[in-house]
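# A closer look at the structure
Chain residues, written in single-letter form:
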Amino acid sequence: MTVIDNAIYVDGRRRAEPESLDVTYELLASEGGMAWIGLYRPDDAEIHSIAHEFDIHPLAVDDTISAHQRPKLERYGDVLFTVLRPARYVDEDERVEFGELHVFTGADFVVTVRHAESPDLAKVRRRMEASPELLRLGPEAVLYAILDQIVDEYAPVVDGLRNDIDEIEDDVFAGKPDVSRRIYQLYREVMLFQRATHPLLRMLAALRGGFDKYGVDADLRRHLRDVEDHVERIVEKVDYYRALLENALTLNATVVTERQNEEMRAMTSASLVQNEEVKKISAWAAILFAPSLVGGVYGMNFANMPELDWPLGYPMALGLMATCSVVLFAVFRNRKWL
């Protein structure tokens, strides 16, 4: 279904529920009042039908058909075109999901076009229908109620981002390997949230600037100022979150560098210890090599060898072995290899 709800309101009360848009146009012309039409991802024919009936500017129609617009507020004659970016926090995936809502308000009609699941406009309609004195104020009251609902739905998003940032801070100090990727993902969500909330300040200021020109009711003025206060607080928090994530990126880079330096120091220390062990092994190998060499030479079974029949040959060989070993031990000890 593309037409989610379609009703005619007279004096702040729901008077009729037309079965089609054509019937809505006829009843609005015959009975007066205000038409409130809620659409969800409508097709081009429905949008063009509404645009033709309510004399909506082609540029606004093109924006609605193409979607993917940034938040803005534009006036085309008597029709006010508002683009809003609602958001909701998905607990299961720990991510922020952004939607898009287009609102057309004229003298006697409100048309909402949703391109995502949020916001919950049924809640807005129920709240307005429960307050006929507020709904009696016309399309401007509906627009302000929609703004209020979207801003209220930002609150869980702010809380979810705060929790994610707290978890990231713990992960940074815990040295988890995938924390950099999570920081970048959350930083991107905060950036998108900024793009959704920052333009609201200009849009609300523009609405406030038209209070006197369009004779906006005093009660609606108070409602809009209350919404504006909420938006200012949200914008401040989102800006603060962005600064926290930028600091987290810097801190994580520092922690990673320090951890790498510690690993390098540990590797260097291990290498030094290994070098010392190699020196000791090499020194003892050289010390043992000298007597082995002498013993190997005199152990060869050749008939004609010097000093083979010399009575002092054996003591001399032992003395030569001992002397070489002592000299090598003294040299290596002097060089601190042993």
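The following paragraphs examine the structure supplied in this document. (Residues numbered from 1 in each chain as written. Predicted model: local features only at pLDDT ≥ 70, side-chain atom pairs only at ≥ 80, totals over all residues. Heavy atoms only, no water.)

### Focus on the overall build of the chain
Stated formally: Counting from the N terminus, the helices are DSSP H or I runs at least four residues long and the strands are E runs at least two residues long. Each residue is assigned to one of three classes by its accessible area relative to the maximum for its type, calculated with a 1.4 Å probe on protein chains only: buried under 20%, partly exposed between the two thresholds, exposed over 50%. Two residues qualify as a contact provided that any one of their heavy atoms is within 4.5 Å of a heavy atom in the partner residue.
In terms of helices and strands, the chain carries 10 helices and nine strands. Expressed along its principal axes, the backbone C-alpha trace of the chain runs to roughly 140 × 40 × 30 Å. In the chain, which comprises 338 residues, the proportion classed as buried is 42%. The long-range share in the chain, meaning contacts at least 24 apart out of those at least 6 apart in sequence, stands at 63%.

### Concerning the sheet that holds strand β4 (residues 72–76)
Note the threshold: The pairing criterion is simple: DSSP has to find at least two bridges between the two strands. Only the stretch in contact is used when a helix axis is fitted, and all axes are lines through C-alpha atoms; the angle between N-to-C directions ranges over 0 to 180 degrees.
Taken together, the seven strands give an open sheet; going across it, the order is β2-β1-β3-β9-β8-β5-β4, and neighbouring strands pair in mixed fashion. Two strands in the sheet have a free side with no partner beyond their single neighbour: β2 (13–16) and β4. Between one strand axis and the next, the sheet turns by 20° as a mean value, whatever way the strands run. Relative to strand β9 (residues 109–114), strand β8 (residues 101–105) runs antiparallel, the two sharing five bridges. Its bridge partner being in β9, Phe-104 is matched across the sheet by Val-111. In the packing of helix α7 (residues 179–209) onto the sheet, contacts are made with β4 and β5 (79–84), and the angle to β5 comes to roughly 160°.

### With respect to helix α10 (residues 313–334)
Defined as follows: A helix is expected to span 1.5 Å multiplied by its residue count minus one. It is the directions from the helix axis to the C-beta atoms that the arc portrays.
The terminal C-alpha atoms of α10, which comprises 22 residues, lie 31 Å apart, in line with the 32 Å expected from a rise of 1.5 Å per residue. Every buried residue of α10 is accounted for by Gly-313, Ala-317, Met-321, Ser-325 and Phe-332. With its buried residues spanning 115° around the axis, α10 presents them on a single face. Facing away from the buried surface of α10 by more than 90 degrees, the exposed residues are Val-326 and Asn-334. Once α10 finishes, Lys-336 follows within two positions and takes phi at roughly 65°, a positive value.

### Examining the pairing of β4
Every regular strand shows the same layout, with side chains that alternate between the two sheet faces. Of the pairings in the sheet, the one linking β4 to β5 comprises five bridges and is antiparallel in character. Looking at the pairing, Leu-73 lines up with Thr-82 of β5. Hairpin connection, β4 to β5: the antiparallel pair is bridged by two residues, and Gly-77 has positive phi, about 65°.

### Notes on the packing of helix α6 (residues 139–174) against α7
Selection criterion: Each angle receives one of four descriptions, namely roughly parallel if under 35 degrees, roughly antiparallel if over 145, roughly perpendicular if within 65 to 115, and oblique otherwise. A crossing counts as left-handed when the near helix is turned anticlockwise from the far one by less than a right angle, and as right-handed when that turn is clockwise. Think of it as three bins: nonpolar holds Ala, Val, Leu, Ile, Met, Phe, Trp, Tyr, Cys and Pro, charged holds Asp, Glu, Lys and Arg, and polar takes everything else, Gly as well.
Contact pair α6 / α7: the axes reach a minimum separation of 11 Å and the direction vectors enclose 155°. Regarding the angle of α6 to α7, the classification is roughly antiparallel. The way α6 lies across α7 gives a crossing that is left-handed. Of the residues in the contact of α6 with α7, the class split is 19 nonpolar, one polar and five charged.

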